[in-house]
Amino acid sequence: MTALAIFGARHRILRAHVTVAGCALALCVASAAPADGDTSGTKPTVVLVHGAFADGSSWDGVISRLERSGYTVIAPANPLRGLYNDSTYIASVLKSIKGPVVLAGHSYGGAVISSAAAGNPQVKSLVYVSALMPDVGESGMSLAARFPSELSTATRSLPYRESGRSGTDLYLKRDKVHQVFAADLPESEANLLGVTQRPVATTAFSEKAKVAAWKSIPSWALVGRQDKTINPEQERFQAKRAGAHTVEINSSHVSLIAHPEAVTDLILQAAGASSAQSSLATTGAVHDARVEAGIAGASLVVGTGAVLLGRRLRRRLP
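Since this is a predicted model, take the numbers as computed values, not measurements. Within each chain, residue numbers correspond to sequence positions counted from 1 in written order. At least 70 in pLDDT is required for a residue's local features to be given in this predicted model, at least 80 for side-chain atom pairs to be given and counted, and no such filter applies to totals for whole chains, interfaces and linings, which use all residues. Processing note: side-chain calculations cover all non-hydrogen atoms of the structure and skip hydrogens and water entirely.

A closer look at the nonpolar core
Now for step 1: Nonpolar core, defined: a set of buried Ala, Val, Leu, Ile, Met, Phe, Trp, Tyr and Cys residues in which side-chain atoms within 4.5 Å join the residues together. Exposure classes here rest on a 1.4 Å probe applied to the protein chains alone. A residue is buried below 20% of its type maximum, exposed above 50%, and partly exposed in between. By size, the foremost hydrophobic cluster in this structure holds 68 residues, and its most contacted members are Leu48, Trp59, Leu103, Tyr108, Leu126, Val127 and Ile267.
Now for step 2: Note on conventions: DSSP H or I runs of at least 4 residues are helices, E runs of at least 2 residues are strands, and numbering of each starts at the N terminus. No other element matches helix 11 (residues 260-314), which puts 6 residues into this core.
Now for step 3: The criterion used for residue contact is that any of the two residues' heavy atoms lie within 4.5 Å. Not counting the four nearest positions on each side in its chain, Trp59 is found in contact with Leu48, Val49, His50, Ala104, Gly105, His106, Val129, Leu256, Val263 and Ile267.

Here is the structure:
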């Protein structure tokens, strides 16, 4: 046989080997791919808990942005009657939700979510926006004593009675709202917050935390550098202690109103991490098994095909 013929035969052998390997690779990929083709994981429900003197509408700018990104959002009413009462109520809201949850709290709402999320495996991420993050045995008052702010000069107390019980409510002084609470909002908007504010019972700040969910659930925190309601040093201290993913912006206490885009970005980071965790937890073992099966099948096809083709074609060579 001529050298040209020998070369041609060898080339056909090489081409056949490549063909077999390509078919085997396709088998491997097909075996490893998820059956439903969905690798994105389930998007969590985002639950937004407002703080003292406010209601769920304080999250309006954040809600619209999250919904445009395809998230289901719930902004329940925080009762503002005391840490134990409020966290119990929010915990009941969380139990009504199916699937993973990203839980965010602003201001006093941070203390509420730290208690409400404890022991709930559905809560995958916590987000603290200019918020309280008390440890076990701490209260809003004890933290404020360590990190004083101007809030102590900006509130007034009024007694209340309801359903056979009584207590003391705190209100923001109308002439202090713009200066202490919402300095980076137009004065007219800050005044409107003062008119529509909801009072908070003093027990919201005096009751000591019994649990701290940030010890076991990944957390994200936003620090407002111009916050006069919660001392920024307190916010930094809490975030560092919790090992939170932290961002700082130039904002007053109401960053969720004045800078909704920055707050939304932080929540999306937490939601993305939550989706990755959920996807890994639900598909990881199956995916690994498919990959191993695909590789094993590919190896068998390549090995067997190479041997058979080699034997057949070698008989035709001199």
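A look at the side chain of Ser114
Now for step 1: Relative to the elements of secondary structure, Ser114 occurs in helix 4 (residues 109-116).
Now for step 2: The exposure class assigned to Ser114 is buried, which follows from its relative accessible area of 0%.
Now for step 3: Within the structure, Ser114 has its side chain in polar contact with the backbone oxygen of Gly110 (distance 3.0 Å).
Now for step 4: Side chain to side chain, Ser114 and Tyr128 meet in a polar contact 2.7 Å long. We define a polar contact as two N or O atoms separated by no more than 3.5 Å, with the added condition that, inside protein, one atom must be a possible hydrogen donor and the other a possible acceptor, whereas residues neighbouring each other in sequence contribute only through side-chain atom pairs.

Quick word on the environment of Thr155
Now for step 1: Of note, Thr155 is situated in strand 5 (residues 155-162).
Now for step 2: Taking the C-alpha atoms as reference points, Thr155 and Leu170, 15 residues apart in sequence, are found 6.2 Å from one another.
Now for step 3: Apart from residues no more than four positions distant in its own chain, Thr155 is found in contact with Phe53, Leu170, Tyr171, Leu172 and Lys173.

Some points on the sheet that holds strand 6 (residues 165-172)
Paired through their backbone hydrogen bonds, the strands of a sheet run either parallel or antiparallel.
Now for step 1: Whether two strands pair depends on DSSP finding at least two bridges between them. With antiparallel pairing, 3 strands are arranged side by side in an open sheet as 5-6-7. Lying at the two open borders of the sheet, with one neighbouring strand each, are strand 5 and strand 7 (200-201).
Now for step 2: In this sheet, strand 7 lies alongside strand 6 in antiparallel orientation, the contact comprising 2 bridges. Note that in strand 7 the partner of Asp169 across the bridge is Ala201.

Quick notes on the confidence of the model for the chain
Now for step 1: A score between 0 and 100, pLDDT records how confident the predictor is in each residue. Mean pLDDT over the chain works out to 82, with 74% of the residues at or above the 70 mark.
Now for step 2: With pLDDT under 50 throughout, residues 1-40 is counted as low confidence; its partners more than four residues away or in other chains account for 36 contacts.
Now for step 3: Taken as a whole, residues 280-318 scores under 50 in pLDDT and shows 33 contacts with residues more than four places along the chain or in a different chain.

A look at the sheet that holds strand 2 (residues 73-74)
Now for step 1: Spatial strand order, 2-1-3-4-8-9: 6 strands in an open sheet with parallel pairing. Looking along the sheet, the strands with just one partner apiece sit at the ends: strand 2 and strand 9 (245-249).
Now for step 2: When strand 1 (residues 45-49) meets strand 3 (residues 101-106), the two strands line up parallel, connected through 5 bridges. Within strand 3, the position partnered with Val46 by the bridge is Val102.
Now for step 3: Docked against the sheet, helix 2 (residues 60-68) engages strand 1 and strand 2, running at close to 180 degrees with respect to strand 1.
Now for step 4: In the packing of helix 4 onto the sheet, contacts are made with strand 1, strand 3 and strand 4 (123-129), and the angle to strand 3 comes to roughly 145 degrees. Convention adopted: a line fitted to C-alpha atoms gives each axis, helices being fitted over their contacting stretch, and angles between N-to-C directions are expressed from 0 to 180 degrees.

Things to note about helix 3 (residues 83-95)
Now for step 1: By this rule, a helix spans an expected 1.5 Å times one less than how many residues it contains. Spanning 13 residues, helix 3 covers 18 Å between terminal C-alpha atoms, matching the ideal 18 Å at 1.5 Å per step.
Now for step 2: When helix 3 is considered as a whole, its buried residues turn out to be Leu83, Asp86, Ser87, Ile90, Ala91, Val93 and Leu94. Each buried residue of helix 3 lies within a common arc of 155 degrees when the element is viewed along its axis, so the set occupies one face. Of the residues in helix 3, the exposed ones pointing more than 90 degrees away from the buried face are Thr88 and Lys95.
Now for step 3: Contact partners of the buried residues in helix 3: strand 1, strand 3, helix 4, strand 4 and helix 8 (203-206). Directions from the helix axis toward the C-beta atoms define the arc.

A word on the pairing of strand 6
Now for step 1: Note that strand 5 and strand 6 share 8 bridges and pair antiparallel. Of the residues in strand 6, the one forming a bridge with Leu158 is Asp169.

A few points about the pairing of strand 4
Now for step 1: Within strand 4, 6 of the 7 residues are buried, which leaves the element mostly enclosed by the surrounding structure.
Now for step 2: Alignment of strand 3 against strand 4, held across 6 bridges, turns out to be parallel. By the bridge assignment for strand 4, Ala104 is matched with Val127.
Now for step 3: Assignment of crossover handedness uses the view with strands pointing away from the viewer, where a clockwise path from the first strand over the helix to the second indicates a right-handed crossover. Since strand 3 and strand 4 lie parallel, the crossover through helix 4 that links them has a hand, and here it is right-handed.
Now for step 4: Sheet topology places strand 4 next to strand 8 (residues 219-224); 4 bridges connect them, and they run parallel. Note that in strand 8 the partner of Leu126 across the bridge is Ser219.

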